Amino acid sequence: AVSGTWDFAAAGVGVGGGAAVTITLATNLNTATFNDGTEINMSNYTAITGQVNLQVYNAANNGIQLQFQNNGVNVGVAVNLNDYINTNLLGSYQGFVIPKADLQISEITVDELDIIITRTAGTRPTIYFDNMQIEETGTPLVYTLKPRSGTKLHVNTLEFSWADVGTGGT
């Protein structure tokens, strides 16, 4: 904890009732730094994911900045988690996915992640974080539809459906 009342092992409030990282009654620029202890080459990864539970929060007055560092120096750009979650959903966990391109760290080496709470007015926020991780690059799935040799194929409709934790808006 750089500043603020952070608990890095808050019992019983994590996803599934486990432990979580919490910030209680945050003030402007309360910051927590997560240090991996080794440097991570982000070219081997795709995104930052996690779960957040906004207990007390008002997006008009609060923000959650995520900023990577390498050896204590900011790299890439900070993003506001508000842009990747439903800020009106209070009291339950929701997933977030932040592509590394949004953080501008596609080919950069990192060793720390800062979470910085911003607050301009109003009630001081309380937020829980859980299951945060850097997602590895994987082999994409490829779906192919082609006619048998010597025949034609006519497609009337092509429909895509996804079922997963996605980034939500308000």
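I will try to describe carefully the structure that is included in this document. (Residues numbered from 1 in each chain as written. Predicted model: local features only at pLDDT ≥ 70, side-chain atom pairs only at ≥ 80, totals over all residues. Heavy atoms only, no water.)

## Quick notes on the overall build of the protein chain
Item 1. A tally of helices and strands in the protein chain yields 0 helices and 9 strands.
Item 2. Put simply, the protein chain runs from its N terminus to its C terminus through helices and strands in the order β-β-β-β-β-β-β-β-β.
Item 3. At 20 Å, the protein chain has a C-alpha radius of gyration far larger than the 15 Å of a compact globule built from 170 residues.
Item 4. For the protein chain, the spread of C-alpha atoms along the principal axes amounts to about 70 × 35 × 30 Å. (Helix = DSSP H or I, 4+ residues; strand = E, 2+ residues; numbered from the N terminus. Rg over C-alpha atoms; globule rule 2.2 N^0.38 Å.)

## Brief notes about the sheet that holds strand 7 (residues 93–99)
Item 1. Pairing in this open sheet of 5 strands is antiparallel, and the strands run 1-2-9-4-7 from one edge to the other. Single-partner strands in this sheet number two, and they are strand 1 (6–10) and strand 7. In this sheet, adjacent strand axes meet at a mean angle of 30 degrees when their direction is disregarded.
Item 2. Relative to strand 7, strand 4 (residues 45–56) runs antiparallel, the two being bridged by 7 bridges. Bridging across to strand 7, V52 finds its partner in Q94. (Pairing = 2+ DSSP bridges. Axes fitted to C-alpha atoms, helices over the stretch in contact; angles between N-to-C directions.)

## Let's talk about the nonpolar core
Item 1. I64, L81, I98, I127 and F129 are the most contacted members of the largest nonpolar core, which has 29 residues in total.
Item 2. Of all the secondary structure elements, the ones that give two or more residues to this core are strand 2 (20–23), strand 3 (30–41), strand 4, strand 5 (62–70), strand 6 (73–80), strand 7, strand 8 (109–119) and strand 9 (126–136).
Item 3. Among the elements that take part in this core, strand 8 stands out by supplying 4 residues, more than any other.
Item 4. Setting aside residues up to four positions removed in sequence, F129 forms contacts with W6, A20, V21, I23, Q51, V52, I64, L81 and I115. (Core = buried A, V, L, I, M, F, W, Y, C linked by side-chain atoms within 4.5 Å. Buried < 20%, exposed > 50% of the residue type's maximum accessible area, 1.4 Å probe, protein only. Contact = heavy atoms within 4.5 Å.)

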